[in-house]
Amino acid sequence: MILLLHPRATKPKNRRLPLAVLSLAAVLEGREEYTLVDGNLDPAPGESLDRLMRDKPAELLAVSVMPGPQMVAAIPLCRAFREKYPAVPIVWGGYFPSLHPDAALNASYVDYVVRGQGEETLLELLEALRGRRELGSVRGLSWKDGSGLHVHNPERALRSPNEFPWLPYHRLDMPRYLLPTFLGSRTAVHQASIGCPYRCNFCGVVPVYGGQKMESPARTAAVLEHLRERYGANAVQFYDNNFFLREDHARELAGRLRPLGMRWWCEARVDIVLGYSDDTLRKLRDAGCTMIFFGVESGSDAVLREMRKNLRSEQVLELARRIREFGIIPEYSFIFGNPHDADRDTRETIAFIRRVKRINPQVEIVVQTYVPVPQREGMYGGVDGQIRFPDTPEEWATDRWFRFTIRTDPRLPWLPGHVKRRIDNFELVMASRWPTVQDARLPRWSKLLLRGLSSWRYALGIYDFPLELRWAQNWIKLRKPRFESL
Ligand code: B12
Ligand code: SF4
C-alpha cells in the first residue's frame, strides 16, 4: 500500500483537484495499491493516515510539498508519522523539495526527495525500495547514503503528459472539488503541459523543470469533455505555466474546446499571444477563453532584459490595446522591487501600470514583490551573495521565512520598509479602484463603495496611508457570502 498525501495548502473555498498527487496516482492505478489523503478536504489527515495504517501498513508515504502553507502543514504530519511508524520510508516531491532538496533531506522525517516531474521517478523508487534496482540509478532522486550524506542523482528528462495515463478522477469525491468561481458554478482545473521552455531568472519553474512538454489538443479536449459529461464541470482553470506556444496548436485547441461550451482561464506570454492573428484570438474567445494571466513583470526594458524575460514594454502596451476588441480580459502581473534600486523601480512600475490602465482599463493588475529562488545561473538582481536560504523545513516554517515565501513581508536587504509599504498601498488602491471580476462573491454595492472611496486617490496618485480602504476591505470581507461549507 502506498499513501499519497497532499497536505493542506489552501482554504476549503479555494480547494482544487490535487493534481500533483493525482498525477502520481495515474501511474499507480491498476498496478499498485494506493490511497489518496487530501488535507484540503480532510480536516484531520493525520488521523486518516493512522486509520489507513491500522487497516494495512504502508510501504511508502509519498508527500506533495509546495513552498508556503503546504510545507508548514507537511512538517507535523510527517514528524508524527515517522514517530509512530519509523519503518515506513517517506518521500517528498513537488516545488519545495525540488527547489531546496538539501533542506528537505535535512529533516529526519524525509528519506527521499523527488525533483521535478514525479511519475517515473516514483515508480523507480518503488523498485529500488523493493531491492530491484540501485537508488543511484533513479534519475531525479535525491537521497541519503549510509553515512547520511546527501546524494543528488542526475536530472530526469521531461516526458509529455501524453505519455502518462489519464488522472484517476474516480478516486476522489469529485463534486467537492468542482467549486464556483467567476468562470462557472463547477470549475475544474487541468494542466495540459509541464514546465516552461523559457529561462527567466526570477522564476521557480526554471530550476525545477528546465523545459516544457505539452499534451495534444485532442487529449486536453477529451479530458475536459469527460469532466463535463461525468462530473458536470462547466468551467476550467488551466494551471500550465504557458498554455499557448505554437499558433497552430492554439488554433486546434480552440476548435476542439469550442463545442464543450466551457469558460476558461489560463496563463500565457505577452509576445506569444501578440503574435497570434486576429482570427486565432477570435477563435480562442469563441472557445471560452475568458481571461489570460500574463507575467508582464516590469515596464522597464532594462529590467526585462536583466530578468531574461525576452519581452519588451512596447509589446505589453500593444497587447493591452489589441486584446480589447476580442473581449478577453488580460491579467497583468508585475514584479516590484528590482534589487539595484527598488525605490526607482517602484516609481517606474507604478507609472507604467497607469499607462496600461489608460490604454485598457479592463486589464487586471497583479502586484508581486520579488522573492528570489535558487537559480543555477545566478538569481535576478545579482543577489546571490545577499541571501542565505534556510537549511531545514523547520526554519522555512518560521514566521520570518513563511512571510518571505508567501511574499507578504519578505524582509529583503534591498527592499527598504518604506518602499514595501508604498507597493502594498499602491496594490490596495488599485484593488479598490478596480475590484477584480474574479471575486464572484463581491456584491455590486461593495464594488461601488470601494471605487467611490479610492477614485480620488488614484486620480491624484496619492497612495500613502489608505486607512479608509483597508477598513472598507475588511468590513466587506466580513459581509461576503461564504462557500466555506461546500
Ligand atoms: C495550483 C497552484 C497553487 C495552489 C495550490 C493548490 C494545491 N496544491 O492544493 C495555490 C493557489 C494554493 C498556490 C499557492 C501558492 N503557490 Co502555487 N502554484 C500552483 C500551480 C499553478 C500549479 C501546481 C500544480 O498543481 N501543478 C500540477 C502538478 C501535476 O504539477 P506539479 O505540482 O509540478 O507536480 C509534479 C511534480 O512536482 C512532482 N510532484 C509533486 N508532488 C510530488 C510528491 C511526490 C511524493 C513525488 C514523488 C512527486 C511529486 O510530480 C508531479 C507530476 O509530475 C503552480 C504553477 C505550475 N503550473 O506549476 C504554482 C506554483 C507551484 N506556486 C508557487 C508559489 C510560490 C506559491 C505560493 C507559495 C506563493 C504565491 N504567492 O503564489 C502560494 C502559497 C501562498 C498562499 N498564500 O497560499 C510557485 C512555486 C515556485 C516558487 N517560486 O517557489 C509556482 C511554480 C508558481 C510560479 N510560477 O512561481 N499555488
Ligand atoms: S516567468 Fe513564465 S515564461 Fe518565464 S520561465 Fe517562468 S513560467 Fe516561463
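Nothing here was measured: the structure is a model prediction, and the numbers come from that model.

Before going further, it helps to examine the overall build of the protein. Scanning the protein for helices and strands turns up 19 helices and 15 strands. Along the longest, intermediate and shortest principal axes, the C-alpha atoms of the protein span 70 × 50 × 45 Å. Taking contacts inside the protein between residues at least 6 apart in sequence as the whole, the part at least 24 apart equals 72%. Of the charged side chains in the protein, 70 are positive and 58 negative; the average position of the first set lies 5 Å away from that of the second.

Quick look at unusual backbone geometry now. The backbone of Arg 407 shows a phi angle near 70°, a positive value even though the residue is not glycine. Judged by relative accessible area, Arg 407 falls into the partly exposed class, the value being 39%. Even without being glycine, Arg 411 reaches a positive phi, approximately 45°.

Attention shifts here to the pairing of strand S13 (residues 289-297). Here is the key point about a regular strand: its side chains alternate between the two faces of the sheet. Across the nine residues that make up S13, a large majority, nine, are buried. Relative to S13, strand S12 (residues 263-268) is paired through five bridges, and the arrangement is parallel. Within the sheet, the bridge partner assigned to Trp 265 lies in S13 and is Met 291. One ladder, built from six bridges, connects S13 with strand S14 (residues 329-336); its direction is parallel. Within the sheet, the bridge partner assigned to Phe 294 lies in S14 and is Tyr 332.

Before going further, it helps to spend a moment on the packing of aromatic side chains. Scanning all chains against the criterion turns up 26 aromatic pairs. Note on Trp 434 and Tyr 458: the rings are 4.7 Å apart at their centroids and 85° apart in plane angle, and the pair reads as edge-to-face. Remark: Tyr 458 occurs in helix H18 (residues 444-460) and Trp 434 occurs in the loop between helix H17 (417-433) and H18; sequence separation between them is 24 residues. Counting every residue linked through ring pairs, the aromatic cluster contains Trp 92, Phe 96, Tyr 109, Phe 389, Trp 396, Trp 401 and Phe 404. Over the face of the ring belonging to Tyr 177 we find Arg 15, whose NZ or CZ atom lies 5.9 Å from the ring centre.

Turning our attention to the site of ligand 2. Around ligand 2 lies a shell formed by Cys 196, Tyr 198, Cys 200, Phe 202, Cys 203, Val 206, Asn 241, Asn 242, Arg 269 and Lys 309. Of the residues in the shell around ligand 2, the class split is six nonpolar, two polar and two charged.

Residues in contact with ligand 1 amount to 34 residues; listed here are only the nearest, Ser 64, Tyr 95, Glu 119, Tyr 209 and Tyr 239. Take His 6: an N or O atom from its side chain is 3.2 Å from a nitrogen atom of ligand 1. Residue Gly 93 places a main-chain N or O atom 3.5 Å away from a nitrogen atom belonging to ligand 1. Sorting the residues of the shell around ligand 1 by element identifies helix H1 (19-28), strand S3 (60-64), strand S4 (90-93), helix H4 (95-99) and helix H7 (205-209) as the ones contributing at least two each. Residue contributions to the shell around ligand 1 peak at four residues, all from H1. Residues belonging to the shell around ligand 1 are distributed by class as follows: 19 nonpolar, 13 polar and two charged.

The volume enclosed by the second largest pocket comes to roughly 660 Å³. In terms of lining, the second largest pocket is formed by 32 residues, of which the most central are Ser 98, Glu 155, Pro 207, Val 208 and Arg 376. Listed by contribution, the elements that provide at least two residues to the lining of the second largest pocket are H4, helix H5 (101-105) and H7. With four residues, H7 is the largest single contributor of residues to the lining of the second largest pocket. Looking at the lining of the second largest pocket, its residues break down into twelve nonpolar, eleven polar and nine charged.

Turning to H17, a few remarks are in order. An α-helical turn contains 3.6 residues, so any two residues separated by three or four positions project in the same direction. Spanning 17 residues, H17 covers 24 Å between terminal C-alpha atoms, matching the ideal 24 Å at 1.5 Å per step. Among the residues of H17, those classed as buried are Val 419, Lys 420, Arg 422, Ile 423, Asn 425, Phe 426, Leu 428, Val 429, Met 430 and Ser 432. Residues of H17 that are buried make contact with S14, helix H14 (342-359), strand S15 (364-369), H18 and helix H19 (467-479).

Moving on, we get to a nonpolar patch on the surface. Together, Trp 445, Leu 449, Trp 471 and Trp 475 make up an exposed nonpolar region whose accessible area comes to about 420 Å². By secondary structure assignment, the location of Leu 449 is in helix H18.

Moving on to the confidence of the model for the protein. Interpretation of this model should avoid reading the predicted coordinates in detail wherever pLDDT is low. Averaged over every residue, the pLDDT of the protein is 96; residues scoring 70 or more account for 99%. The low-confidence segment residues 482-486, where pLDDT is below 50, has nine contacts with residues more than four positions distant or belonging to other chains.

Let's shift gears to the side chain of Ser 98. Checked against the element boundaries, Ser 98 lands in helix H4. In this structure, Ser 98 is in contact with Val 114, Arg 115, Gly 116 and Val 208, ignoring residues within four places of it in sequence.

What follows deals with the packing of H18 against H19. Remark: H18 packs on H19, axes separated minimally by 10 Å, with the N-to-C direction vectors making an angle of 175°. As summarised for this structure, H18 and H19 are arranged roughly antiparallel, according to the angle between their axes. For the pair H18 and H19, contact is made by Trp 445, Ser 446, Leu 449, Leu 450, Leu 453, Ser 454, Trp 456 and Arg 457 and by Glu 468, Leu 469, Ala 472, Gln 473, Trp 475 and Ile 476, respectively. Here the contact of H18 with H19 is built from residues that sort into nine nonpolar, three polar and two charged.

What counts, and where the lines are drawn
- Residues numbered from 1 in each chain as written.
- Chains lettered and ligands numbered in written order.
- Predicted model: local features only at pLDDT ≥ 70, side-chain atom pairs only at ≥ 80, totals over all residues.
- Heavy atoms only, no water.
- Helix = DSSP H or I, 4+ residues; strand = E, 2+ residues; numbered from the N terminus.
- Contact = heavy atoms within 4.5 Å.
- Lys, Arg positive; Asp, Glu negative; His and termini not counted.
- Charge placed at Lys NZ, Arg CZ, Asp CG, Glu CD.
- Buried < 20%, exposed > 50% of the residue type's maximum accessible area, 1.4 Å probe, protein only.
- Pairing = 2+ DSSP bridges.
- Phe/Tyr/Trp six-rings, centres within 6.5 Å; stacked < 30°, edge-to-face > 60°.
- Lys NZ or Arg CZ within 6 Å of the ring centre and 35° of its normal.
- Near = heavy atom within 4 Å.
- Nonpolar A, V, L, I, M, F, W, Y, C, P; charged D, E, K, R; others polar.
- Polar contact = N/O pair within 3.5 Å; in protein donor to acceptor, adjacent residues only side chain to side chain.
- 1 Å grid on protein atoms, 1.4 Å probe; cavity = no way out; pocket = protein on both sides within 12 Å on 5 of 7 lines; lining within 4 Å.
- Points joined across faces, edges and corners; volume = space filled by probe spheres on them.
- Expected span 1.5 Å × (residues − 1).
- Patch = residues over 30% accessible without salt bridge, like charges linked within 9 Å, V, L, I, M, F, W, Y side chains within 5 Å.
- Areas by Shrake-Rupley, 256 points an atom, 1.4 Å probe, with all protein chains shown as cover.
- Salt bridge = Lys/Arg side-chain N within 4 Å of Asp/Glu carboxyl O.
- pLDDT = per-residue confidence, 0-100.
- Axes fitted to C-alpha atoms, helices over the stretch in contact; angles between N-to-C directions.
- Parallel < 35°, antiparallel > 145°, perpendicular 65-115°, else oblique.

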